[in-house]
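Remarks on the overall topology
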Amino acid sequence: SEIVAKYEVMERVGSGAYADVYRGRRLSDGLTVALKEIHDYQSAFREIDALQLLQGSPNVVVLHEYFWRDDEDAVLVLEFLKTDLATVIADAAKANQPLPVGELKRWMIQILSGVDACHSHMVLHRDLKPSNLLISEHGLLKIADFGQARILTEPGFDASNNHEEYSRVLNDNDNKDTITDTHYGNATCTTSEIDRKEEEEEKELGSFTSCVGTRWFRAPELLYGSRDYGLEVDLWSLGCIFAELLTLQPLFPGTADIDQLSRIIGVLGNLDERAWVGCSKLPDYGIISFTKVENPAGVEACLPNRSPDEVALVKRLVCYDPAKRATAMELLHDKYFSEVPLPVPVSELRVPL
Ligand code: ADP
């Protein structure tokens, strides 16, 4: 096939539920790439769609090109990134050495820039976690794994020309082939119909599924079954990631969905109308009930030995009311990042071998 003619496939470097990732070599110039073979049409489609919108953002993984093989499989040719934030955290934890504040700040700024790029294009990632934040040997951090991403569309919202065209084509029943020709390589009519069906199902429900993301980083509204959530679910995940950078321990390592919620409640207190006006309308609010937590520990108890500014930063993200969570752009302007110790340059970040 086309891909075999252009790339040499080398060892497998990772695998997930729907994907296998290999190291590869571009034959024309020897460039090392990652070849991500995705076996699920929906997730391949989502990943390609989101990545195309976000190309040009320095903190999002580069998609060089992609190939569709038959109706189900796609192979994405991505820039190869050696390591990830989970490894940075694990190495520091193993050495029992907290990350120097200047390094911590530079990691956070890179994560925030990447998330800001996603959100300003209305791309909801839905699975932000340290192992999806890949890192180059030069210390550049890039958001990866958009297999669960969704592009939000609001009536009249012009996320990008690319996406506008996509929605227009998708909603035009007489124009199936255009999808194939404009953006999606060899995607066939059949597969675009599968996608249309899923989109229609979600439309009928009027919403998205709440079974997304990795449990430890999952926002409380998802755990209570919300189907009309927004970009804020990524901001919750971000808060969990920042706390983990600060302590080198996961903030809410739940062992099951109920355990996940009870850990959150132990820290923030029970979810009620005082914490978030409207929360009692969440689909599972009446179904899942917890005994009253009299003395919630508070976020500060989870961040022992960290500065008040750091606690405040995490609190701006880890709060019940999604509308109260700070956006990535707002956090980039937080005074924490302009105070000493200043963020170190990317070139001074220590990257695991
Ligand atoms: P999944 O959607 O199955 O979780 P990921 O995109 O997270 O797939 O990739 C799975 C693993 O493959 C990652 O944890 C990482 O180890 C490796 N990987 C993914 N993308 C790259 C890349 N661009 N460069 C190097 N390794 C990668």
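Reference entry: report on the structure contained in this document. (Residues numbered from 1 in each chain as written. Predicted model: local features only at pLDDT ≥ 70, side-chain atom pairs only at ≥ 80, totals over all residues. Heavy atoms only, no water.)

1. A closer look at the site of the ligand
Heads up, the rule is: Whether a residue is near a molecule or strand is decided by its heavy atoms; if any one of them lies within 4 Å of it, the residue is near. N or O atoms closer than or at 3.5 Å make up a polar contact, with two conditions inside protein: a donor-capable atom paired with an acceptor-capable one, and, for residues adjacent in sequence, both atoms drawn from side chains. Any residue with an atom within 4 Å of a point lines the site, the site being either a cavity, points on a 1 Å grid over the protein atoms alone where a 1.4 Å probe fits but cannot get out, or a pocket, an open set with protein on both sides within 12 Å along at least 5 of 7 lines. Just a note on the criterion: a molecule sits in a pocket or cavity if more than half of its atoms are within 2 Å of the grid points. Residues were grouped as follows: Ala, Val, Leu, Ile, Met, Phe, Trp, Tyr, Cys and Pro as nonpolar; Asp, Glu, Lys and Arg as charged; and all remaining residues, including Gly, as polar.
As a structural note, the neighbourhood of the ligand is formed by 15 residues, with Gly16, Lys36, Glu79, Leu81 and Asp145 the closest of them. A distance of 3.5 Å is found between an oxygen atom of the ligand and a backbone nitrogen or oxygen belonging to Gly16. Interatomic distance of 2.6 Å between a side-chain N/O atom of Lys36 and an oxygen atom of the ligand. If you map the ligand onto the pockets, it falls in the largest pocket. Taken together, the residues of the shell around the ligand break down into 9 nonpolar, 3 polar and 3 charged.

2. Brief notes about the packing of aromatic side chains
Cut-off, in case you're wondering: Here the aromatic set is Phe, Tyr and Trp, taking the six-membered ring for Trp, and pairing holds for ring centres within 6.5 Å; pairs whose planes are under 30 degrees apart are stacked, those over 60 apart are edge-to-face, and all others are tilted. Here a helix means four or more residues in a row that DSSP labels H or I, a strand means two or more in a row labelled E, and each is numbered from the N terminus. Exposure is judged per residue with a 1.4 Å probe applied to protein chains only, and the accessible area is read against the type maximum: over 50% gives exposed, under 20% gives buried, and values in between give partly exposed.
The tally for this structure, following the rule as stated, stands at 6 aromatic pairs. When the centroid spacing of 6.5 Å and the interplanar angle of 80° are considered together, the rings of Tyr7 and Phe67 count as edge-to-face. Placement of Tyr7 in strand β1 (residues 7-15) and of Phe67 in strand β4 (residues 63-69) is noted, with a sequence separation of 60 residues between them. The exposure class of Tyr7 is buried, given its relative accessible area of 4%. Between Trp236 and Phe252 the ring centres are 6.0 Å apart and the planes differ by 15°, which places this aromatic pair in the stacked class. Here Trp236 is found in helix α9 (residues 232-247), whereas its partner Phe252 is found in the loop between α9 and α10 (257-268), with 16 residues between them in sequence. You can call Trp236 buried: its relative accessible area is 0%. Among the residues examined, Phe252 registers a relative accessible area of 2% and is labelled buried. The structure contains a cluster of three or more aromatic residues connected by ring pairs, namely Tyr41, Phe45 and Trp68.

3. Quick word on the pairing of strand β2 (residues 19-26)
Formally: In this analysis, strands are considered paired if DSSP registers two or more bridges between them.
Bridge count between β1 and β2: 6 bridges; the pairing is antiparallel. By the bridge assignment for β2, Gly14 is matched with Val21. Joining the antiparallel neighbours β1 and β2 is a turn of 3 residues. Two strands pair when backbone bridges link them, and β2 and strand β3 (residues 32-38) are joined in this way by 7 bridges, in the antiparallel orientation. The residue of β3 that forms the bridge with Asp20 is Glu37. In textbook terms, the turn of a hairpin is the stretch between consecutive antiparallel strands, and for β2 and β3 this stretch comprises 5 residues, one of which, Gly30, has a positive phi near 80°.

4. Some thoughts on the side chain of Asp116
We count it as follows: Only four residue types enter the charge count: Lys and Arg as positive, Asp and Glu as negative, with His and the chain ends excluded. In the sections that follow, a salt bridge refers to a side-chain nitrogen of Lys or Arg positioned within 4 Å of a carboxyl oxygen of Asp or Glu. Contacts are assigned to residue pairs that have any heavy atoms within 4.5 Å of one another.
Examined against the element boundaries, Asp116 turns out to sit in helix α4 (residues 101-120). Buried within the structure, Asp116 lacks any salt-bridge partner; Arg316 is the closest side chain of opposite charge, at an N-O distance of 12 Å. Those residues in contact with Asp116 that sit more than four places away from it in its chain are Ala328 and Met329.

5. What to know about the sheet that holds β4
Here is the rule: Only the contacting stretch of a helix is used when fitting its axis, a line to C-alpha atoms as for every element, and angles between N-to-C directions run 0 to 180 degrees.
On the basis of which strands lie adjacent, the open sheet formed by 5 strands has the order β1-β2-β3-β5-β4 and antiparallel pairing. Only two strands of the sheet have a single partner each, and these edge strands are β1 and β4. The average undirected angle you get between the axes of adjacent strands in this sheet is 25°. Of the pairings in the sheet, the one linking β4 to strand β5 (residues 73-79) comprises 6 bridges and is antiparallel in character. The residue bridging Trp68 from the neighbouring strand is Ala74, located in β5. Lying on the sheet, helix α2 (residues 41-54) is in contact with β3, β4 and β5; it crosses β4 at an angle near 155°.

6. Some details on empty space enclosed by the protein
Selection criterion: Grid points are joined across faces, edges and corners, and a volume is the space filled by probe spheres set on the points.
With the rule as written, the count across this model stands at 1 cavity of 30 Å³ or more. Per-element accounting of the lining of the largest cavity gives the leading share, 3 residues, to α9. Residue composition of the lining of the largest cavity, by class: 6 nonpolar, 3 polar and 4 charged.

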